[in-house]
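Structural features, examined
Residue-level listing of the chains:
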Amino acid sequence: MATKVIVQIPGEADYAVRIGSGVIGKLGQNLREIERFARARDVLVITDSNVGPLYLAKVKASLANAGFKAADVAVPAGEDTKAVDVAAEIWSAMAQLSFGRDCLVVALGGGVVGDLAGFVASTYMRGVPVVQVPTTLLAMVDSSVGGKTAVNLPEGKNLVGTFFQPSFVCADTDTLETLPEREWRCGCAEVAKSAVIDSDDFFFWLLEHAEAMAARDADVAAEAIQRCVVFKAGVVAQDKTESAGVRECLNYGHTLGHAIEACTGYGTFSHGAAVAEGMRFAVRLAASVLGDAQGAVAEFAEAQGDLLDTLGLPPLDYEAAPRDLLAAMKHDKKNRGGEVRFVLARDIATWEITPVSDETILQALAS
Ligand code: NAD
Ligand code: GLY
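In this report, the structure presented in the accompanying data block is examined. (Residues numbered from 1 in each chain as written. Chains lettered and ligands numbered in written order. Predicted model: local features only at pLDDT ≥ 70, side-chain atom pairs only at ≥ 80, totals over all residues. Heavy atoms only, no water.)

1. With respect to the sheet that holds strand β9 (residues 168-172)
Defined as follows: The pairing criterion for strands is at least two bridges between them, as found by DSSP. In this description a helix means any DSSP run of H or I spanning at least four residues, a strand means any run of E spanning at least two, and both kinds are numbered starting from the N terminus. Where helices are involved, their axes are fitted lines through C-alpha atoms of the stretch in contact, as for all axes, and angles between N-to-C directions lie from 0 to 180°. We call two residues contacting when some pair of their heavy atoms lies within 4.5 Å.
Spatial ordering of the open sheet is given by β1-β2-β9-β6-β5-β3-β4, a layout of 7 strands whose pairing is mixed. Edge positions in the sheet fall to β1 (3-7) and β4 (69-75), since each of these pairs with one other strand and no more. Neighbour-to-neighbour, the strand axes of this sheet turn through a mean angle of 15°, independent of strand direction. In terms of strand pairing, β1 meets strand β2 (residues 15-20) through 5 bridges, oriented antiparallel. By the bridge assignment, V5 is partnered in β2 with V17. Packing against the sheet, helix α2 (residues 52-65) makes contact with β3 (42-48), β4 and β5 (104-109), and its axis sits at approximately 165° to β3.

As C-alpha cells, then:
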C-alpha cells in the first residue's frame, strides 16, 4: 500500500512524497496529475552506474506510458561524482538535447544522484523542476526531501549548492531490496537521528520495531520512512534555509561523525556508523556541558545506545587523536566564529544547538 505525505514549506509550492511498494510504476501518471507537468514532454533521468541497470528501464517505461519523452544519463556511482565538472557535462547534454525551460529532471538514485541532479536542475536555465526518485534508505528518509542540493569541492564536501525544493518525490520501497547492507545501516542511523530529535512517539515506536528495521521488514521500513519525511518536512517548514537555528538539528551526531570519517579515512567506517558514534558522543557531551544531576541524561544515553545497538550500529572501535578530531570538527561549515557548534541532546526531543569550547570537547573525547 502506498502512502502520501504533503510537504508544505512557506513560500514554496506544496509537493507530495509518495512512499510504498511499486510506486515507480505510477510515476509518469502521478507527474501528469501535477498541473505544471500536464503538457510537459522532455525529461532527463539522471542515475548512477549501480542504480541505472536495476531501475532505469522501469522509470522510463512509466514516463513513456504517460507520454513523456525521456533521455537519460548515468554517472559513475560514488561521492566523487558530486562534482562541478560532472554537473557541467550534464548541463551540456541538456543543451545538446535542446531542452528548454519546460523540461524536467528526474533524480534516480541515492543522495549522491539526488544532490547532483538537484543542483543541475536548479541551475540549468536558472532552474527547471526536479523530481526525486530515491533508492537508498538514507535518500528516502532524508536527502530527497527539503531541497538541499550540492556538489563537492576539493576543499570540502557540499561547499557549492542551492536550496531548491523538488516538485515530487517517489520513494519506491521495492528498490530497497537490492540495497547493500552497509547502505541500509547508513539509512538506519538517519532514522534513529530523526526519532531522537522528533518525539517520544517516534523514538519508542522505533525502539519497539528496531529488530524488524534491522531485519529490513518492508512494512516497518515504509512506516519509518513516512515518519522521517513528516518529521523532516516539519523542520524544513520552520527553517528552509538553515538560518533560523532549527534545521541544524538534522546535524545531530554528524559533528563528530564527519570528523571520524575524515580522521579514519573516508570509507573505513560507513557514514551511518560514524553518525551513530556521534550521537552517543553528543549525549555524553550534553551531560558534561548541561549537567546531569538527576541522572536523566544517563538514562537517555542508555535508551539511545540500546536503539543504536539493535539497529546494527554498535559503538565504534576507532583510533584517532582528540586533537585531530577537534581539528576536523573545526572545518564544519555550520561553525560560527571559530567555535564548534553541537546539537546536544539531553533527552528524547530535548536538544539544543550550542557552541562548545575546545577544552570541553577535548576532555569529553579523552574520556
Ligand atoms: P549514494 O547515493 O552514494 O548511494 C550509496 C550506494 O548505493 C551507491 O553505490 C549507489 O550506487 C548504491 N545504490 C543506491 N541505491 C541502490 C539500490 N536500490 N540498490 C543497490 N544499490 C544502490 O549514498 P547515499 O547514502 O544515498 O547518499 C549520500 C549523499 O547524500 C552524500 O553525498 C551526502 O552529502 C548526501 N546527503 C544529502 C542530504 C540533503 O539533504 N540533500 C542529506 C543527507 C545526505
Ligand atoms: N540533511 C540535512 C538537511 O537537510 O538539512
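Alright, that's what it looks like, and here's the rest.
2. Quick word on the site of ligand 1
Our working rule: Being near a molecule or strand, for a residue, means having at least one of its heavy atoms within 4 Å of it. To measure how exposed things are, a 1.4 Å probe is used in the Shrake-Rupley method; for residues, cover is taken only from the protein chains shown. Classification used: nonpolar for Ala, Val, Leu, Ile, Met, Phe, Trp, Tyr, Cys and Pro, charged for Asp, Glu, Lys and Arg, polar for all others including Gly.
The environment of ligand 1 is formed by 26 residues, the closest being D48, E79, G111, T136 and T178. When ligand 1 sits alone it has 870 Å² of accessible area, and the protein chains cover 86% of it. Mapped onto the shell around ligand 1, the elements with two or more residues apiece are α2, α4 (111-123), α5 (137-143) and β8 (156-163). The residue makeup of the shell around ligand 1, split by class, is 8 nonpolar, 9 polar and 9 charged.

3. Re the pairing of strand β6 (residues 130-134)
What counts is decided by this rule: To sort residues, take the accessible area from a 1.4 Å probe on protein chains only and compare it with the maximum for the residue type: under 20% means buried, over 50% means exposed, and anything in between is partly exposed. The path from the first strand over the helix to the second decides the hand: if it runs clockwise while the strands point away from the viewer, the crossover is right-handed.
For β6, the buried fraction is high: 5 of the 5 residues fall into the buried class. Residues of β6 alternate between two faces, with V130, Q132 and P134 on one and V131 and V133 on the opposite face, all of them buried. In this sheet, β6 lies alongside β5 in parallel orientation, the contact comprising 5 bridges. Residue pairing across strands places V106 opposite V131, the latter belonging to β6. Of the crossover connections in this fold, the one passing from β5 over α4 to the parallel β6 is right-handed. For β6 and β9, the ladder comprises 2 bridges, and the chain directions are parallel. Looking at the pairing, Q132 lines up with V169 of β9.

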